[in-house]
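Spelled out from the first residue to the last, the chains are:
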Amino acid sequence: MKRIVIIVLLILGVLVFFIIPKEDRVQRIIVAVGQKAPEFELPEIDPNSKNPPKIWSSSDLKGKVVFINFWASWCKECRIEMPSIQRLYDKMKDRPFQMITILYREAPENAMAYMKVNGFTMPVLLDEGNKTAYSYGLTGVPETYIIDKEGIVKKRHIGGGVWDSPETLSFIENLLKP
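Residues numbered from 1 in each chain as written. Predicted model: local features only at pLDDT ≥ 70, side-chain atom pairs only at ≥ 80, totals over all residues. Heavy atoms only, no water.

### Brief notes about the environment of Tyr 114
Phase 1 of the analysis: Along the polypeptide, Tyr 114 turns up in helix H4 (residues 108-118).
Phase 2 of the analysis: A relative accessible area of 14% places Tyr 114 in the buried class.
Phase 3 of the analysis: Residues Tyr 114 and Trp 74, 40 residues apart in the sequence, show an inter-C-alpha distance of 9.6 Å. (Helix = DSSP H or I, 4+ residues; strand = E, 2+ residues; numbered from the N terminus. Buried < 20%, exposed > 50% of the residue type's maximum accessible area, 1.4 Å probe, protein only.)

See below:
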């Protein structure tokens, strides 16, 4: 009887290995506060441009405080927090601060239609194949990272947030200090 149970479990394990998509079988690294932020190079989605898309590279953002928000327009919490993200983006213009949003598991045209209808203007990057999401250890959306000028993750927030709150503004202002 014991032998049958072991064989059944072994067969189930092999089946699960082949049924689960390869991208989900890869062991995810969870980026923690205090660690170096993963490197990335992603194109910006700009439906109005006839030029090739701008490529955003994490290495080009050194020396700035970086706010990265993974999102999708089908995500209710993402839609709730997006106005506060736009207000933060507007408040931090002309500062050594860069906000980027990274689309997760959504068609770019749907996301850009949502951005346009709501008047949101922050950069939206396309993470085809979700490689950047996996390198950050994304657990779902929304998920936000605040990275200091040296490229170290200083805040990781899972779920929605109010990003223009006095607490968040104070946190970012402290990171902006020389």
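Okay, back to it.
### With respect to helix H3 (residues 76-91)
Phase 1 of the analysis: The terminal C-alpha atoms of H3 lie 24 Å apart, and with 16 residues this matches the ideal 22 Å at 1.5 Å per residue to within 8%.
Phase 2 of the analysis: Largest kink in H3: about 35°, centred on Met 82, with the proline Pro 83 one to four residues after it.
Phase 3 of the analysis: Residues Cys 78, Glu 81, Met 82, Ser 84, Ile 85, Gln 86, Leu 88 and Tyr 89 constitute the buried set of H3.
Phase 4 of the analysis: Close packing links the buried residues of H3 with strand E3 (65-71), strand E4 (97-103), H4, strand E6 (143-147) and helix H6 (166-176). (Expected span 1.5 Å × (residues − 1). Bend = angle between axes of the 7 residues up to and from the residue. Contact = heavy atoms within 4.5 Å.)

### Here we look at unusual backbone geometry
Phase 1 of the analysis: Following Val 141, the chain continues into Pro 142 via a peptide bond in cis, with omega recorded as -5°.
Phase 2 of the analysis: Despite not being glycine, Asp 94 shows a phi value in the positive range, around 65°.
Phase 3 of the analysis: By the element assignment, Asp 94 lies in the loop between H3 and E4.
Phase 4 of the analysis: We note that Arg 105 has phi near 50°; this positive angle belongs to a residue other than glycine.
Phase 5 of the analysis: Checked against the element boundaries, Arg 105 lands in the loop between E4 and H4.

### Quick notes on the layout of surface pockets
Phase 1 of the analysis: Counted as a void, the largest pocket has a volume near 260 Å³.
Phase 2 of the analysis: The wall of the largest pocket is formed by 14 residues, among which Asp 46, Pro 47, Asn 48, Met 112 and Phe 120 lie closest to the centre.
Phase 3 of the analysis: Among the elements that take part in the lining of the largest pocket, H4 stands out by supplying four residues, more than any other.
Phase 4 of the analysis: Considered class by class, the residues forming the lining of the largest pocket number nine nonpolar, two polar and three charged. (1 Å grid on protein atoms, 1.4 Å probe; cavity = no way out; pocket = protein on both sides within 12 Å on 5 of 7 lines; lining within 4 Å. Points joined across faces, edges and corners; volume = space filled by probe spheres on them. Nonpolar A, V, L, I, M, F, W, Y, C, P; charged D, E, K, R; others polar.)

### Description of empty space enclosed by the protein
Phase 1 of the analysis: Under the criterion given, the structure shown has one cavity of 30 Å³ or more.
Phase 2 of the analysis: Taken together, 17 residues line the largest cavity, and the ones lying closest to its centre are Ser 58, Lys 62, Val 66, Ile 147 and Gly 151.
Phase 3 of the analysis: Partitioning the lining of the largest cavity into residue classes produces eight nonpolar, three polar and six charged.

### A look at the sheet that holds E3
Phase 1 of the analysis: The sheet built from five strands is open, its strands ordered E5-E4-E3-E6-E7 with mixed pairing. Both outer strands of the open sheet, strand E5 (124-126) and strand E7 (153-158), are each paired with one neighbouring strand and no more. Ignoring strand direction, the axes of neighbouring strands in this sheet form an average angle of 20°. (Pairing = 2+ DSSP bridges. Axes fitted to C-alpha atoms, helices over the stretch in contact; angles between N-to-C directions.)

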